[in-house]
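A closer look at the structure
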Amino acid sequence: MNDSGIIVDIQRFSIHDGPGIRTTVFLKGCPLNCKWCHNPEAIAYKPQLSFNQEKCLNCFACLSVCPTSTHYIKDNKHEINFSLCQLSGDCVPACPNEALSITGKINSVEQVIELILKDKDFYINSGGGVTISGGEPMTQFQFTKQILKACKDNSIHTTLDTCGHAPSEKYLEILPLVDLFLYDYKESDYDKHKEYTGVYNDLIQKNFNMLYGASAKIILRCPIVPGINDTDRHFEAICDLYKEYPKLVGIEIMPYHNIGLDKARKIGAEEKFISIDTTDKEKSRKWISTLHELGCTNIRLG
Amino acid sequence: MKDYSKELKITEVYKEYKDAHPAIKEAMCLKAEYPAYFTPLQDGDLFAGRLQQGRVGFTIDEWGPTAFAYYCQFEEIENDLKTYDYPAEEKVKIEEMLKFWETEDTSNKIRKEYPPLMAQYLFSDDWMNTSGIAFPLYRLTGSTPNFKKLLDIGIPGIYKEIEELKATAEEDRRDVKFYEGMKIAIDVLADVCLYYEKEIRLLAEISTIDEKKEELNKIADTLHIITISKPRTLREAIQLFWIYTYAADIRNYGRMDIYMGDFLVNDLNAGIIDEDEALKYLKSLWQLMADRNTVVHNRVIIGGKSRPNEANADRFALLAMEATRTVKEIEPQLSLRFYEGMNPALFEKALDVIGGGATYPILYNDDININSINNAFGFSIKEAERYFTPYGCGEFILEGRSFGTPSGVINLLKALEVTLRNGVDPVTGKVIGLQLGNFEDFHSFDDLMNAYKKQVEFFVSLLAEQEVLEYKICGEEAPFLYNSLLYDDCMAKGKGMFAGGIKYLGGTLETYGNTNTADSLTAIKELIYERKLISKKELLDVLDNNFAGYENIQLKLANAPKYGNNNEIADSMLERVHNHVCNFVRNQAERVGLHSYLVVIINNSANTLMGRSTHASADGRKAFEHMNNGNAPSGGNDKEGVTAMLNSIVKPSTAIHAGSVQNMKFSPELFFERRDIIKSLLKTYFDKGGSQAMITVLNRGDLENALVEPEKYRNLFVRVGGFSARFVELSTEVQKDILSRTLY
């Protein structure tokens, strides 16, 4: 399996995950369970059935082809018991309106690289490259490493979008292949970090220090979620980091949006996540000015 | 009630000179038309020259689908006769006039000359409302003469040249009537100026506002001066240029920065005007062009290689873009030619103007186009550097040297659907194409492809012959004096441009539905011949029923590879279709005796209009829906993002046709907030062989439309929180959310 991995999606012309025009590869699998996750379909390590209720015609063509009882009818409406799905995939072509799909596809390194290379001229002219994101790309370590290696062999700039929660030695191993880290900084409080993300932040901080110490180029990415971590305490902590780590390439504030919820609904995982309104522009601008006032100047909205 | 006195008078003059030398006949008709058809100066105009064309007249362009050269707008006149209650005597005169033009109207003369096969298969002239594979067009459009010569020597200089050439011709005992007609035409041009001068002096006299009086007198002075002197200032140059374009019915204006740049800079250096004043002139000129309301014409090109005084031209070009930015009209169609090494301020300004909501300037890449023109037309590189792109379509021509009116249209998708049904048009049930066998008889995909090619080739051959016939009759009818005056080598030869005078007489053919055709062929190849998921009979049933009841198959067809996604299967089919039609058309030139005959893949409403009479197609397109635009992927089928789309659209060769159009749409967020990204996208596209780009920056209205018709906006990217998304793939709720947020 080392030569292939599970991919949620590959986004070409990605312009918000690192500099320039990029191709972002979203890998499946994440050790965290952030309450605000915006890519919930990338958390599980395996492919999953995805159901877009808005598109369903309630024709029930899927029922007859499903080898299990995943699809069922309740009040004349198509419902799904996701836990029963064994990923036969038979229902996908049976649906006449593309309401069903399988999230997560097995791709070989070659397939990914072939696609990546198609836009190489755009990377060169824009100072862009490739970003590996997810999920957490470190969970598919060999696959990630091989993609990064192939990028470097083709002189393509690489960015790793990571939550920081992976064995330290793996980071050290991958470090020479990564030109830029987009490194998450989600919550400054030790216990709250566990509460919001499912893990403690000590390993994350350790890895951060290690990478910083090894002169890795890092942009710190801070998801800010209203009512959860938009606190003075957290903002102050971000500013402390800013002062303590002057060689950070930058800090990006990622205002919460609820797009993830729509995607969670499709995989039957809606109840695991918080449901609040998408941050309005005014609020996010206010956060930026708060951080400016606290002395944190090299900061922008991501 | 429409007054027909002018039309009746022109008809009388035409009758009187019917058998005279064509140059004299034309000159006398021009004299009858002008200044009669010119209309008064409007408030705010800094230059004289507005016109209301009549229902009968003479034009090098067109006043309706078949109204060109000596034309009569039969339908409109008949409508007037039905609508208004004309006095009996006048009614009789108008009816007699109609009857007279039946045989004299140039289009009618051409159609009468069709050989039987041409008449059978090009059975209709009404391409907008008739179901058919190919149609002729009646026009000589896109004329772009040597404006520089006009402005360099002015009316007196031209008069002198005519006299000298006439004397030489007399000595050589050659025909001198051409020159005599030319002299009358120049007199008419001067008369128009003097007519306006007189009118404007009267206006000045009655004006009570000093400032206005002064301005009007300035306009009148200018009109007077240009009849006795060559233009000396920008103001005089624009005035002569503008009167001339209307008299000659030239609707495209060539490389304006070359012929106006020196006037501008000389005036500025001499302190005659400042930049503000110059901008005022241009804004007035731009407004006059906008009011001309040509829909598809009014092209002005700036920038590019081989501009003799580049610094002056650049200065004019920047001002022209500023005029476009501030006038905010849909015409003129300002276009920027650029090349590696050109003053970067021009490209930068262009992006500012586009970003300001204009879809102008349209961008043309000299580094690709000059070589393409060299190859496609056979012009030397040096000549190709002079290229200009008239009208909306942008068929390359050489200013004052070559001509290539599009005189035919072919609907490739209709050719395919007729071929699938053994020559029968599924819309009308009539046999309209070659009968090359039933779909069932095409045992391999190549069998089908060969039949499709044969069908297309048959119609292309007819259209090429029709174009030559059209030129021949136009050449016999008239020398097109005002145009021949400034077209190499008409004056020296003493011949009209279509009577052997012009240096390079070429033709072009508009192809439509290219992408739908290629995508349909891809789907047929994949699903029927290779994977055998659908039978031939099934496909025809599905298409005949416009997919109703066959949604599953429609989905399969829609999901087959599509051009525009950087997909080798789909893109190579497009190239196959493209190479076939382009090369076959190009090879017609020699056979029919044109300098060149080339395909144009263009941008206008024909893809929609012809789509209305084209049945459902195997690419998943529903019956009567629009076909793809220009060389673009069809109907938002480019799902892989802009880089994939750009990678696809640079694949079809640009070196075998006369031009193609690339529409691109960007969201304001991307355009305004990420200018660096836009610049590198465009740079890469042009580096990779992109010839042209028409850029739209979408506004809120487009997003609203995207909600209603999401299938058309699949490539619209929006910024959502920390990432970009395809707008139409977001849930309705989120879309509405974004829509509300873009208001800020």
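Residues numbered from 1 in each chain as written. Chains lettered and ligands numbered in written order. Predicted model: local features only at pLDDT ≥ 70, side-chain atom pairs only at ≥ 80, totals over all residues. Heavy atoms only, no water.

**A few points about the overall build of chain B**
Rules: In this description a helix means any DSSP run of H or I spanning at least four residues, a strand means any run of E spanning at least two, and both kinds are numbered starting from the N terminus. Both definitions apply: the radius of gyration is a C-alpha atom measure, and the globule rule equals 2.2 Å times residues to the power 0.38. Any residue under 20% of the maximum accessible area for its type is buried, any over 50% is exposed, and the rest in between are partly exposed; the area is computed with a 1.4 Å probe on protein chains only. Should any heavy atoms of two residues lie within 4.5 Å, those residues are considered in contact. Method for areas: the Shrake-Rupley scheme with a 1.4 Å probe, in which residue coverage is limited to the protein chains shown. Working convention for charge: Lys and Arg count positive, Asp and Glu count negative, and His plus the chain ends are omitted. To locate a charge, take atom NZ for lysine, CZ for arginine, CG for aspartate or CD for glutamate.
What chain B contains, in helices and strands, is 32 helices and 19 strands. Computed over C-alpha atoms, the radius of gyration of chain B comes to 27 Å, within 12% of the 27 Å expected from 2.2 N^0.38 for 744 residues, which places it in the range of a compact globule. C-alpha extents for chain B along the principal axes are approximately 80 × 60 × 55 Å. Per-residue burial for chain B yields a buried fraction of 63% across its 744 residues. Long-range contacts, defined here as pairs at least 24 residues apart, represent 73% of the contacts in chain B between residues at least 6 apart. When the accessible surface of chain B is split by element, carbon and sulfur atoms take 49% of a total near 27,000 Å². In chain B, which carries 86 positive and 110 negative side-chain charges, the distance between the mean positions of the two groups comes to 2 Å.

**Quick look at the interface of chain A and chain B**
We apply this condition: Accessible area that two parts lose when put together, evaluated with a 1.4 Å probe and summed over both, is termed the buried area. By definition here, a salt bridge exists when the distance from a side-chain nitrogen of Lys or Arg to a carboxyl oxygen of Asp or Glu is within 4 Å. Whenever a nitrogen or oxygen atom comes within 3.5 Å of another N or O atom, the pair is scored as a polar contact, on the condition that within protein one atom can donate a hydrogen and the other can accept it, and that pairs from neighbouring residues in sequence are kept only if both atoms are in side chains.
Counting residues at the interface gives 29 residues for chain A and 34 residues for chain B. Of the roughly 2,900 Å² buried at the junction of chain A and chain B (both faces included), carbon and sulfur atoms supply 56%. At the junction of chain A and chain B, the tally comes to one salt bridge. Where B:Lys688 meets A:Asp121, a salt bridge forms, and the shortest distance between an N and an O atom there is 3.5 Å. Taken together, chain A and chain B are joined by nine residue pairs in polar contact (both at pLDDT 80 or more). Those elements that place two or more of their residues in the side of chain A that touches chain B are strand 1 (4-14), helix 2 (91-94), helix 4 (120-126) and helix 10 (259-266) of chain A. In terms of residue count, helix 4 of chain A provides more of the side of chain A that touches chain B than any other element does, four residues in total.

**Focus: the packing of aromatic side chains**
Residue and element names in this part refer to chain B. For clarity, the cut-off: A pair of aromatic rings is counted whenever rings of Phe, Tyr or Trp (Trp by its six-membered ring) have centres within 6.5 Å, and the orientation is called stacked for planes under 30 degrees apart, edge-to-face for over 60 and tilted otherwise. Criterion for a charge above a ring: Arg CZ or Lys NZ at most 6 Å from the ring centre, at most 35 degrees from the ring normal.
What the rule picks out here adds up to 46 aromatic pairs over all chains. Where Phe403 meets Phe498, the ring centres are 5.1 Å apart and the plane angle is 75°; that geometry is what we call edge-to-face. With Phe403 in strand 11 (residues 402-403) and Phe498 in helix 21 (residues 497-501), the pair connects residues that are 95 residues apart, well separated along the chain. Of the two residues, Phe403 and Phe498, both sit in the buried class. Look at Phe671 and Phe672: their rings are 6.4 Å apart centre to centre, the planes differ by 85°, and that puts the pair in the edge-to-face class. Its relative accessible area of 0% is what places Phe671 among the buried residues. Grouping aromatic residues by their ring pairs yields a cluster made of Tyr34, Phe38, Phe147, Tyr195, Tyr196, Phe241, Trp242, Tyr244, Tyr246, Tyr253, Tyr259 and Tyr482. Stacked on the ring of Tyr4, the Lys or Arg Lys2 has its end atom at 5.2 Å from the ring centre.

**Focus: the nonpolar core**
So the rule is basically this: Only buried Ala, Val, Leu, Ile, Met, Phe, Trp, Tyr and Cys residues count toward a nonpolar core, and they belong to the same one when joined by side-chain atoms within 4.5 Å.
Counting residues in hydrophobic clusters, the biggest one holds 252 residues, and the most contacted among them are B:Phe241, B:Met256 and B:Trp286. In this view, B:Phe241 contacts B:Phe147, B:Leu150, B:Leu151, B:Tyr253, B:Met256, B:Tyr259, B:Met260, B:Leu285 and B:Met289; residues no more than four positions away in its chain are not counted. Core analysis: the second largest hydrophobic core is formed by 64 residues, A:Ile116, A:Tyr171, A:Cys222 and A:Tyr245 among them.

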